[in-house]
Amino acid sequence: EPEVTQTPSHQVTQMGQEVILRCVPISNHLYFYWYRQILGQKVEFLVSFYNNEISEKSEIFDDQFSVERPDGSNFTLKIRSTKLEDSAMYFCASSQEGQGNEKLFFGSGTQLSVL
Amino acid sequence: AQSVTQPDIHITVSEGASLELRCNYSYGATPYLFWYVQSPGQGLQLLLKYFSGDTLVQGIKGFEAEFKRSQSSFNLRKPSVHWSDAAEYFCAVGASGGGADGLTFGKGTHLIIQP
């Protein structure tokens, strides 16, 4: 079965540093998402992306966050100046056009630790 | 706003025994409901989903779930668990399918299988 691939699996950074989390969605998918899960808490929606622009974003997705599809295969999440509370597991997901959240394929996540 | 409650943080079940994981949701319209499973080091895998029609839905790995509108519940069941079922289980609710709306997840239930 096709997979969503996320790199790196673990990222450690200093507070205030910029981080870029990378995702390769499934090749024929057109909707892309980022979710995060703070340890012990629920998985939370951050942002969805379609047709090269943000479709929806949550309150969590403030000006410190940005997403980009720099080429035909990658989908990145950038945190401009990390805070301690950004420490979480970040999941990328993708779906085919017209299915949206009906059938999301999730990656295995990037564990971000902000020190 | 939509919400999902999974009242059990941990559940321990003996191998071969039956399983029921509880999920209650709050949503203004007819919800789209999902169960995902997360094994250690893995991404979120869709077990099953309910959109409409038959309120008892079958999923992968022998799981099923029943939508009960009167109780705002979507409990996950399996008649006989296997050691490989040990994982984190997430219930989620979403808006009508298609489009870019994010899912709202519960906090998850950690399933432990005793030999």
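Higher on the page you've got the structure.
Each value, and the rule that gives it
One numbering rule holds for all chains: residues counted from 1, following each sequence as written. Working convention: letters from A go to chains and numbers from 1 go to ligands, in the order in which they are written. Residue-level local features of this predicted model are given only where pLDDT is at least 70; pairs of side-chain atoms are given and counted only at 80 or more, and the full residue set underlies all totals for whole chains, interfaces and linings. As a convention, hydrogens and water are excluded, and side-chain values are obtained from all of the structure's heavy atoms. Two cysteine sulfur atoms make up a disulfide if the distance between them is within 2.5 Å. Secondary structure elements are taken from DSSP: a helix is a run of H or I of four residues or more, a strand is a run of E of two residues or more, and numbering for both begins at the N terminus. Note on classification: 1.4 Å probe, protein chains only; a residue is buried when its accessible area is under 20% of the maximum for its type, exposed when over 50%, partly exposed between these limits. Residue contacts are counted whenever heavy atoms from the two residues lie within 4.5 Å of one another. For two strands to count as paired, DSSP must find a minimum of two bridges between them.

K.L.:
Any details on the state of the cysteines? Residues and values, ideally.
P.N.:
All names here are of chain B. Inspection of the entire model under this criterion finds two disulfides over all chains. Between Cys23 and Cys91 runs a disulfide, and the two sulfur atoms are separated by 1.9 Å. Torsion about the S-S bond of the Cys23 and Cys91 cystine: about -65 degrees, corresponding to left-handed handedness. Here the residue Cys23 occupies a position in the loop between β3 (19-21) and β4 (24-26), and Cys91 occupies one in strand β10 (residues 87-94), the gap between them amounting to 68 residues. Taking relative accessible area as the criterion, Cys91 reaches 0% and is therefore assigned buried.

K.L.:
Before we move on, can you summarise unusual backbone geometry with the specific residues and values?
P.N.:
The peptide bond linking Thr7(A) to Pro8(A) adopts the cis configuration, its omega dihedral lying at -10 degrees. The phi torsion at Asn51(A) lies on the positive side, around 55 degrees, for a residue other than glycine. Even without being glycine, Ser72(B) reaches a positive phi, approximately 50 degrees. Here Ser72(B) is to be found in the loop between β8 (64-68) and β9 (73-78).

K.L.:
Hey, could you go over the environment of Phe75(A) for me, with residue numbers and the actual values?
P.N.:
All names here are of chain A. As for its position among the elements, Phe75 is in strand β8 (residues 75-79). Among the residues examined, Phe75 registers a relative accessible area of 0% and is labelled buried. Taking the C-alpha atoms as reference points, Phe75 and Gln41, 34 residues apart in sequence, are found 25 Å from one another. Contacts of Phe75, omitting those with residues within four sequence positions, involve Leu21, Arg22, Cys23, Pro25, Phe32, Tyr33, Trp34, Phe49, Val67, Glu68, Arg69 and Cys92.

K.L.:
Explain the pairing of strand β9 (residues 88-95) of chain A to me, using residue names and the numbers behind them.
P.N.:
Residues and elements named next belong to chain A. Extensive coverage of β9 is indicated by the burial of eight of its eight residues. Both faces of β9 are covered, namely the face carrying Ala88, Tyr90, Cys92 and Ser94 and the face carrying Met89, Phe91, Ala93 and Ser95. Bridge analysis of strand β4 (residues 31-37) against β9 gives seven bridges, and the strand direction is antiparallel. In the strand pairing of β9, Trp34 is matched with Cys92. Note: β9 against strand β11 (residues 110-114), three bridges, orientation antiparallel. Across the sheet, residue Tyr90 finds its bridge partner in β11, namely Thr110. Across two bridges, β9 lies against strand β10 (residues 105-106) in antiparallel orientation. Residue Ala93 lies in a different strand from β10, and its bridge partner there is Phe106.

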